[in-house]
Amino acid sequence: MKALQLFLFLSALSMLSPGVSATTDETARIHVGLCGQSPPTDFEIAKRIHSFQQSAGGTSATREYFQAIRPVARLSSFKSSGDDVIRLEGRIDASTPQALSNRIRETPGIQVLEINSFGGDAIAAMRIAQILETSRLSLRIAGFCMSACANYLLPAAKAVILVNATIGFHGSPWACFQQSSAIDGVMRWGLSNYLTLWQVARQDEEHMSKYPRLKEIIVRSQRPDRGANDGKPRDWLLVRPEDLSRYGIRLQASTNSATFDRLAADPSDGLLGPVFVP
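*Asks:* Explain the pattern of salt bridges to me, using residue names and the numbers behind them.
*Replies:* Under the defined criterion, the tally for this structure stands at 10 salt bridges. The closest approach of N and O atoms between R223 and D225, which form a salt bridge, is 3.9 Å. The class for D225 is buried, based on a relative accessible area of 8%. Residue R246 is joined to D243 by a salt bridge in which the shortest nitrogen-to-oxygen separation is 3.6 Å. In this structure D243 comes out as buried when scored by relative accessible area, which is 15%. The network of salt bridges with common partners includes R74, R87, E89, E114 and R140.

This is the structure we're talking about:
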């Protein structure tokens, strides 16, 4: 029904704006979780970082945070316990899937992708998920796996190993699209951006249909209170490491949850801002 309403609405718009059309797959870029909400200001982030650094162990966690939010993901290779490992740290963008594919070809014995990332581009993350599936790689989270990393990479891995890992959700393109009417969406983002959201949401829905248990918590995390049902706005829904298996994740091992424990102990305003921990 919504697809029909959208078609009729956009058809009417196209009569008024004959030059408008949906972007192609190669140019449709959208980040998970940005559903019309205002991100924290630089000053708010700086206050959070300063406060968190004062806590025990806060310095090392803050270092991982800065690596995870770097604008373009960086790839490196190393050996760990005899396994060939590729490490990805930073935000996933349109260039990351090809860079990862090239790195895998250069490392024939690769068995593990280690990641520390705040997510990034949804389409690019879905492509990395396909690479994980076809290459039969395990995913080791050493630091953060947030947003698109959690939505797409977690369920695609052959096995998941957590090393002081923090995993966070804040919705998806499909969940965002479902909660926005066509008129509100166009008014909020403009026609071109709304068309991009529509296109990416369709791919997101198809991808997530393979993981119904994980999809439930992603949709829940789309709400402003991240599923707490108390109406208080939050930035993230954080999942306890021991609960991942409940959502269909192939959890193999989990060691040292110090950073998560610190964030969960002060959910009102820690390094990541207000969070909800079910």
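*Asks:* Go over the state of the cysteines, please, and point to the residues and values.
*Replies:* Summed over the entire model, instances satisfying the criterion amount to 1 disulfide. With a sulfur-sulfur separation of 2.0 Å, C145 is cross-linked through a disulfide to C149. Since a negative S-S torsion denotes a left-handed disulfide, the C145-C149 link at about -105 degrees is left-handed. For C145, a relative accessible area of 0% gives the class buried. For C149, a relative accessible area of 0% translates into the label buried.

*Asks:* Describe the nonpolar core, listing the residues and the values that go with them.
*Replies:* Counting residues in hydrophobic clusters, the biggest one holds 48 residues, and the most contacted among them are I141, Y152, L153, L154, I167, F169 and L214. When residues of this core are assigned to their parent elements, the largest contribution, 9 residues, is made by helix α5 (residues 122–135). Grouped together as the second largest cluster of nonpolar side chains are 16 residues, A68, F118, L238 and V277 included.

*Asks:* Just give me the short version of the packing of α5 against helix α9 (residues 191–208), but keep the residues and values in it.
*Replies:* Angle between the axes and distance between the axes: these two values describe a pair of packed helices. Closest axis-to-axis distance for the α5/α9 pair is 10 Å, and the angle between their directions is 30 degrees. By the angle between their axes, α5 is roughly parallel relative to α9. When the axes of α5 and α9 are compared, the crossing they make is left-handed. On α9, the residues that touch A122, I123, M126 and A129 of α5 are V200, Q203, D204 and H207. Split into classes, the residues belonging to the contact of α5 with α9 amount to 5 nonpolar, 2 polar and 1 charged.

*Asks:* Could you give me a rundown of the pairing of strand β1 (residues 74–80), with the residues and numbers involved?
*Replies:* The pairing of β1 with strand β2 (residues 83–89) spans 7 bridges and is classified as antiparallel. Bridged to S80 within β2 is D83. Taking the residues that link successive antiparallel strands as the turn, the β1-β2 hairpin has 2 residues, and the phi of S81 there is positive, at about 50 degrees.

What counts, and at which threshold
Residues numbered from 1 in each chain as written. Predicted model: local features only at pLDDT ≥ 70, side-chain atom pairs only at ≥ 80, totals over all residues. Heavy atoms only, no water. Salt bridge = Lys/Arg side-chain N within 4 Å of Asp/Glu carboxyl O. Buried < 20%, exposed > 50% of the residue type's maximum accessible area, 1.4 Å probe, protein only. Disulfide = S-S within 2.5 Å. Core = buried A, V, L, I, M, F, W, Y, C linked by side-chain atoms within 4.5 Å. Helix = DSSP H or I, 4+ residues; strand = E, 2+ residues; numbered from the N terminus. Axes fitted to C-alpha atoms, helices over the stretch in contact; angles between N-to-C directions. Parallel < 35°, antiparallel > 145°, perpendicular 65-115°, else oblique. Left-handed = near helix turned anticlockwise from the far one by under 90°. Contact = heavy atoms within 4.5 Å. Nonpolar A, V, L, I, M, F, W, Y, C, P; charged D, E, K, R; others polar. Pairing = 2+ DSSP bridges.

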